[in-house]
Amino acid sequence: MPPTTDTDRLFLARTLELAQRGRGRVSPNPLVGALIARDGEIIAEGWHTEYGAPHAEVEAIRAAGDQDLSGTTIYVSLEPCCHTGKQPPCTDAILAAGISRVVIASDDPTEKASGRGLGILRDEGVEVEVADGELAARARQLNQPFRKHARTGRPWVLFKSAMTLDGKVATRAGDSKWISSTESRELAHHWRAECDAVAVGIGTAIADDPQLTARIPDVARQPRRVVFDSLARLSLDAQLVQAAGEVPLTVVVSRAAPRTATDALETHGIDVIVATGANEPARVVSALDQLGAAGVGSILLEGGPRLAGAFLDAGEIDELRLFLAPLVLGGRTARDPLEGEGVETISEALRALTLDCDRVGEDLLVSARLKEW
């Protein structure tokens, strides 16, 4: 039965706000917020602060101090866990606190959790209600990386690019610095900090010699850098390699990569993944399977166009964020943001589920969700 009162909906919306405070800190766990209320008044709040720390329900119970919580309601943005991981089950904490009602915004799709926690609570006489409609959709959207990883084992992929008004990401000579505004580039660094990994192709790595770090104040952790480099051409003098001791680096190669080159990369402390498959999209899926198995739950894909096209052809781009700059390049050989095989007819095109537009500096940010998990 879904919650029906305005107060219930207001408090669930508040748990989504609380959950956001853990962004960039809790992966591979989900973002979760919780609050405890009695007679329509909030008496305690909590959220999952970082990976390995107590979960949101426990934080809220602790925040309540010595108060008697019998007869109270706990609102949680995600179904409470009932298994032991780095922390004990949240269902045990809820029962021990004497909380009599649990209202959640969304389910937990993992096999070890889905529905089990709610069943345990109901069996112990706790009233359980689950949101539906717009609130439930917002709660699911909050944890798309967690949900995709739980269901497929692969990371959620956000493709970011900056393009001109005529849809180009570089001139015919290959120049691309800088198409987007300073404000747009700063925002992209925040996205890096929120994702588990940042990925580029070897063409971008060679041309730009990037660091692929999140250069913002108070960053909680740096994302793993991933270079798709089928023949292991990445220079040992590259900034990515030189910083591999401080920030993890993974190089994805094919079976055609020379053993001497991959051995040299591993000697420098770099993780090498061998992606298998008959074509680039198949090798993308192979790489994502292996990255997901290693705990990578989200990837910010920054290009280049060939790699982005392979991800699109593989069906592995979940969201697009495109900065549209007030520039026009022209040129038949200027680069497009997405290459690959693409589709032959408009009817085969992938249609966005949502489309949003915002101004960022001089640019227009177009965000589109392509999949829902």
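Please read these numbers as outputs of a predicted model, since none were measured by experiment.

Student: Got a sec to walk through the sheet that holds strand E12 (residues 319-324)? Specific residues and values, please.
Tutor: The pairing of strands in a sheet comes from backbone hydrogen bonds and takes either a parallel or an antiparallel form. Read from one edge of the open sheet, nine strands run E10-E9-E8-E7-E11-E6-E12-E14-E13, paired in mixed fashion. Each edge of the open sheet is held by one strand with a lone partner, namely strand E10 (271-274) and strand E13 (354-360). Neighbouring strand axes in the sheet, compared pairwise and without regard to direction, differ in orientation by 20 degrees on average. Strand direction decides the pairing type here: strand E6 (residues 156-163) and strand E11 (residues 298-301), joined by four bridges, are parallel.

Student: Which residues make up helix H12 (residues 305-313), and what values go with them?
Tutor: Because each turn of an α-helix spans 3.6 residues, side chains separated by three or four positions in sequence point in the same direction. Along H12, the residues that are buried comprise Pro305, Leu307, Ala308, Gly309, Ala310 and Phe311. Looking at the packing, one finds that the buried side of H12 touches E6, strand E7 (197-201), strand E8 (224-228), helix H11 (280-293) and E11. Looking one or two residues beyond H12, the residue adopting positive phi is Gly315, at roughly 75 degrees.

Student: Please give an account of helix H5 (residues 133-142) that cites residues and values.
Tutor: Residues of H5 that are buried: Leu135, Ala136, Ala139 and Leu142. Viewed along the axis of H5, the buried residues span an arc of 120 degrees, placing them on a single side of the element. Residues of H5 that are exposed and angled more than 90 degrees away from the buried face: Gly133 and Glu134. Taken together, the buried residues of H5 touch helix H1 (6-19) and helix H6 (144-152).

Student: Could you give me a rundown of the nonpolar core, with the residues and numbers involved?
Tutor: Nonpolar side chains tend to gather and get buried jointly when the protein is soluble and globular. Counting residues in hydrophobic clusters, the biggest one holds 32 residues, and the most contacted among them are Ala205, Val227, Leu234, Leu249, Val251 and Ile270. Look past the residues within four positions of Ala205 in its chain and what remains in contact with it is Val200, Pro210, Val227, Leu234 and Leu240. Core analysis: the next-biggest nonpolar cluster, separate from the first, contains 27 residues, Met163, Ala275, Ala287 and Leu288 among them.

Student: Explain the sheet that holds strand E4 (residues 101-104) to me, using residue names and the numbers behind them.
Tutor: Strand order in the open sheet formed by five strands is E2-E1-E3-E4-E5, with mixed pairing between adjacent strands. Edge positions in the sheet fall to strand E2 (41-47) and strand E5 (127-130), since each has one partner strand and no second. Pairwise comparison of adjacent strand axes, ignoring direction, gives a mean angle of 15 degrees for this sheet. Taken together, the four bridges between strand E3 (residues 73-76) and E4 define a ladder with parallel strand orientation. Along E4, the bridge assignment pairs Tyr75 with Val103.

Reading guide: rules and limits
Residues numbered from 1 in each chain as written. Predicted model: local features only at pLDDT ≥ 70, side-chain atom pairs only at ≥ 80, totals over all residues. Heavy atoms only, no water. Pairing = 2+ DSSP bridges. Helix = DSSP H or I, 4+ residues; strand = E, 2+ residues; numbered from the N terminus. Axes fitted to C-alpha atoms, helices over the stretch in contact; angles between N-to-C directions. Buried < 20%, exposed > 50% of the residue type's maximum accessible area, 1.4 Å probe, protein only. Contact = heavy atoms within 4.5 Å. Arc of directions from axis to C-beta. Core = buried A, V, L, I, M, F, W, Y, C linked by side-chain atoms within 4.5 Å.

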